[in-house]
Structures are given as structure tokens and as C-alpha cells.
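# Results of the structural survey
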Amino acid sequence: MPMPTPKSSQKENPPPQGSHRQRLAAKRQKRVIPNKFAGLIALLILAIGLVNFASVSALQAFAFNAEQSAVGQTEAGFAGRVDDPYPLPEIVITPTPEPAAAAPAVEPAPVVAEEPVADAEPVVAPVETGPLAGQPIQHVVIISVDGMRPDAMELAVTPNIDKLMAIGAYSRSAQTVCNSITLVSHASMLSGVLPEKHGIEWGVPYIGWPGMSSPTLFNIAHEAGLSTGMAFGKDKLNYLVFNNSVDHLFGQDAHDPEVRDHALEIIEEGLPNVLFVHLPDNDRVGHAYGWMSENQLYAIQYADGIIGEIVTALEENGYLDTTLIIITADHGGHGFGHGDDAPEDRTIPWLATGPGVRQGVILSSPISTMDTAATTLFALGLQIPDYWVGKPVLEIFE
Ligand SMILES: [Zn+2]
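Residues numbered from 1 in each chain as written. Predicted model: local features only at pLDDT ≥ 70, side-chain atom pairs only at ≥ 80, totals over all residues.

Moving on, we come to the overall build of the protein. Secondary structure summary: the protein contains 14 helices and eight strands in total. Relative to its full complement of 398 residues, the protein shows a buried share of 46%. (Helix = DSSP H or I, 4+ residues; strand = E, 2+ residues; numbered from the N terminus. Buried ≥ 20, exposed ≤ 12 C-beta atoms within 10 Å, placed from the backbone.)

Where helix H7 (residues 182-191) contacts helix H14 (residues 370-379), the axes come no closer than 5 Å and their chain directions differ by 25°. Taken together, H7 and H14 sit at an angle that is classed as roughly parallel. As H7 runs across H14, the sense of the crossing is right-handed. From H7, Ser188, Met189, Leu190 and Ser191 reach across to H14, where they touch Met370, Thr372 and Ala373. Residue composition of the contact of H7 with H14, by class: four nonpolar, three polar and no charged. (Axes fitted to C-alpha atoms, helices over the stretch in contact; angles between N-to-C directions. Parallel < 35°, antiparallel > 145°, perpendicular 65-115°, else oblique. Left-handed = near helix turned anticlockwise from the far one by under 90°. Contact = placed C-beta atoms within 7 Å. Nonpolar A, V, L, I, M, F, W, Y, C, P; charged D, E, K, R; others polar.)

Now for the sheet that holds strand S1 (residues 139-145). As summarised here, the arrangement of the eight strands in space is S4-S3-S5-S1-S6-S7-S2-S8, forming an open sheet in which the pairing is mixed. Of all strands in the sheet, those with a lone pairing partner are strand S4 (248-251) and strand S8 (361-362), marking the two edges. Bridging between strand S3 (residues 228-232) and strand S5 (residues 274-279) involves four bridges; their strand directions are parallel. By the bridge assignment, Thr228 is partnered in S5 with Val274. (Pairing = 2+ DSSP bridges.)

Axis separation between helix H6 (residues 159-166) and helix H12 (residues 294-316) bottoms out at 7 Å; the angle between their running directions is 55°. Classified by the angle between their axes, H6 and H12 sit oblique to one another. Where H6 approaches H12, its residues Pro159, Asn160 and Ile161 are matched on the opposing element by Asp304, Gly305, Ile307, Gly308 and Val311. Classifying every residue of the contact of H6 with H12 gives four nonpolar, three polar and one charged.

The next thing to look at is the pairing of strand S2 (residues 169-175). Relative to strand S7 (residues 347-353), S2 runs antiparallel, the two being bridged by five bridges. Looking at S7, one finds that Gln175 is bridged to Thr347. Inspection of the sheet shows S2 paired to S8 by two bridges, in the parallel sense. Each residue of the ladder has a partner; that of Tyr170, found in S8, is Ile362.

Another aspect to go through is unusual backbone geometry. Peptide bonds are, in most cases, trans, and in most cases residues other than glycine have a negative phi. Across the junction of Cys178 and Asn179, the peptide omega takes the value 5°, indicating a cis bond. With respect to the helices and strands, the residue Asn179 is situated in the loop between S2 and H7. The phi dihedral of Asn244 falls on the positive side, at around 60°, and the residue is not glycine. In this fold, Asn244 is placed in the loop between S3 and S4. Not every positive phi belongs to a glycine, and Met292 is a case in point at roughly 75°. Structurally, the position occupied by Met292 is in the loop between helix H11 (281-289) and H12.

A word on the nonpolar core. Membership of the largest hydrophobic core comes to 90 residues, with the highest contact counts inside it found for Val140, Val277, Ile300, Ile310 and Leu380. A total of twelve residues in this core trace back to one element, the largest contributor, which is H12. The contact partners of Ile300, leaving out residues within four places of it in the chain, are Val145, Met148, Ala152, Met153, Ala156, Thr158 and Asn282. (Core = buried A, V, L, I, M, F, W, Y, C linked by C-beta atoms within 7 Å.)

Structural remark: α-helix, 3.6 residues per turn; residues separated by three or four positions point the same way. Burial of H7 is extensive: ten of the ten residues sit out of reach of the surface. Among the residues making up H7, those that are buried are Thr182, Leu183, Val184, Ser185, His186, Ala187, Ser188, Met189, Leu190 and Ser191. Count one or two residues on from H7 and you reach Gly192, which has phi positive near 75°.

Moving on, we come to the environment of Ser245. Residue placement: Ser245 occurs in the loop between S3 and S4. If we skip the residues at most four places from it in the chain, Ser245 touches Thr216, Phe218, Asn219, His222 and Thr228.

Quick look at helix H10 (residues 256-270) now. If you check H10, its first and last C-alpha atoms are 21 Å apart, about what 15 residues at 1.5 Å a residue would give, namely 21 Å. The inward-facing, buried residues of H10 abut S3, S4, S5, H11 and H12. (Expected span 1.5 Å × (residues − 1).)

What follows concerns the environment of Ala169. Position of Ala169 among the secondary structure elements: in strand S2. On the basis of neighbour count, Ala169 is assigned to the buried category, with 22 C-beta atoms found within 10 Å. Sequence separation of Ala169 and Thr353 is 184 residues, and the distance between their C-alpha atoms is 6.5 Å. Here Ala169 is in contact with Ala352, Val357, Arg358, Val361, Leu363, Glu395 and Ile396, once residues within four sequence places are set aside.

This paragraph deals with the pairing of S1. S1 sits mainly inside the fold: seven of its seven residues count as buried. Where S1 lies against S5, six bridges are found, and the strand directions are parallel. If you follow Ser144 over to S5, its bridge partner there is His278.

Here it is, written out as C-alpha cells:
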């Protein structure tokens, strides 16, 4: 029985040595290939054009912002004018949430032992090896609640933070840098230097942007042989992540619960020596409903629940006795934004707990967000670079 000729071979490559018409058809078919390339090239040119247009738009927006008074320099303002390079998911928060509905998944159970940390018995005692073996502080966990004003934090229902305050050292007057916006502030928080030194002085990249030009505490810790991790919920914070400086990284536009999940995963897999956790939603709620609004206080309550979960995970995995926890924020805010030199924008909370940290103390020394990086290195026994403006907050230690 003869095999039927496959359909495709009937259509493709007709023998060129046939009739004139067949030869013409074959010729035409050959020409199709360069035409396809031409199509691809046209697409490429179009794509390059679009990218250029977006870049120029960003530059124009940057220039526009530079001319504005500082009041206009909010992230929301940027997002409104520029083709938003970091499209964020919709915030699903009802205008007048019930307390129960506002913090559904968190169930912030009291997690911090009433007793001093030093007396708590770890459930598991991980064997600490490496450069820090034998040191009282083996880990530093920095938790940044985006846009959290200290007075908002104090007004919100925060049982977990309250417990940490009772066993820690707290300042309600720490200051972030100017511009008091997320990327700039976090860059200083994690690199110990002012924006003019680290190179990130604006909230979004623009043509000629130098990017992060000063090493972060993660570079220094990693080069010293320590392990590092980051879990953050704003994609742009990836500009602070140098190659080969962060071992465990979750960094993309996400909401608090997703960041929480990744942070807990990192802790359970083995707490790195330095872990940075960034909870983004309080800032988004502030932009949508206003700073100090009732919704924002719920967002802080929600973040407090997550902080409780993180502390519980540290405790359950046996890390609480060897971990310095710093809870802070990148900036505050007022009205529906932030970014200028107003005290409401510049003032941030700064709370530390851990082995050797004084308990129930209100700090009197002036604290800068840059001190977070310096305190982290100091606690881990690492050398603080001479050029850093940030200094360790020695007042927290006994
Ligand atoms: Zn922020």
C-alpha cells in the first residue's frame, strides 16, 4: 500500500525545475525569507523608538520635577507623570474597613516572650560557625515598614512592636535623608552614606543616572564571608542590590503578605547573618488614603502582625538569642505624599532589640537612617568604612 505523501511536503519546496509558473513560485518563496527579516528589523526599530520615547519622557519628568518645589517630589507624583516603570498591583483596601477585615491573615498572636530575650530558651539551637562563631550577635534583621511615621506607629494597634519596645531601645525622632523617598532613603539606610555619595538622589532612573555607586552593608558583610538575604516589595529596590552581595533575594512589586512569606522562608531555610525585610503597603495606603488616616493605621497594624510572625519564626528556629532586630522606616509622610524636608516626612521610628541591647529605653542621641547600616556592621564585628556618615548607635548597648 503506497504511503500518502505528507501534506507539508506537497506545499513546501516545489521542484524548481518544473514549469515556468513553478519556478516563479519557488523564486517568490525564496524572497519571503528576507522579507521576514525586514519585518523583524522594522519591529526592532519600532521597539527602540518606543524605549527612547520612554527615556525622554522620564528625563522630561525628571527635569520637570527638578523645577518643582519639593512638595511635588512624591513617588505618587512621579508615577502620575512618567510612564510608570514599576506598575503596582491595585491596593484592595475598603475605605472604611472593619478592624477584623483589615487584618485578616495576620492574627497577630503575641509572640515576644515577656521575659528578657537573654533568658528565653531557644527551641532549636543552630550551631553557629564561620566568622561570627562565639559572638553574641550573629544575625541582624532589619525590618523597614515603608512610610511609617513614629506617631502613626504609636497610634496604631501594634502589640508586637509594643512588646519589642518593652525589651528594646527606641527612638521616635530618628531622621531619614532628603529626598525622603523610598529608593533614596533605603539606599542611605543600607549603605551608610548620604545620597550625593551613593548616587541615588531621585526616586526613578533617568538618562545619565549613575545608579548605586557606593557599596551597601550587604557587599561588606558578604565580602567578609557572611550570608545575606533581602525580601522587599518594591521592584525599584533592586537598584540597591549589587551582584554577588545577596545570597537569598526576593525583590519585586508585591504586597506585605507575599514579602512576609519569602522572609519566613528565608528564616526557615537558615537565617542569614544579615536579613533585610521591607513591607511596602503602608506607604501605598498613605498615598491612596492619606498619612495618619484610619486606613494607614490599619496598614501599620497589619505590618505589626507580620513583625510578630517574623519574631515568632526567629524564636521557633532558635535565632532570637543571637539576633539584633532593627525596626525602622524609610520615611514618613503627610497629606497624600512625602519627599520634602518636612519633619513629618523626615522623622522615622528606630527600634532595636537583641542580645546586649538595653531594655525599655528611649534613646536620646540623634539617630540617622544611615546609622542602621553602621549599627549592623558594628553588631557583627565588621569594620565600618571611614567615609561612612552613619555611626553605630552605641547608646542601645548595655
Ligand atoms: Zn517609601
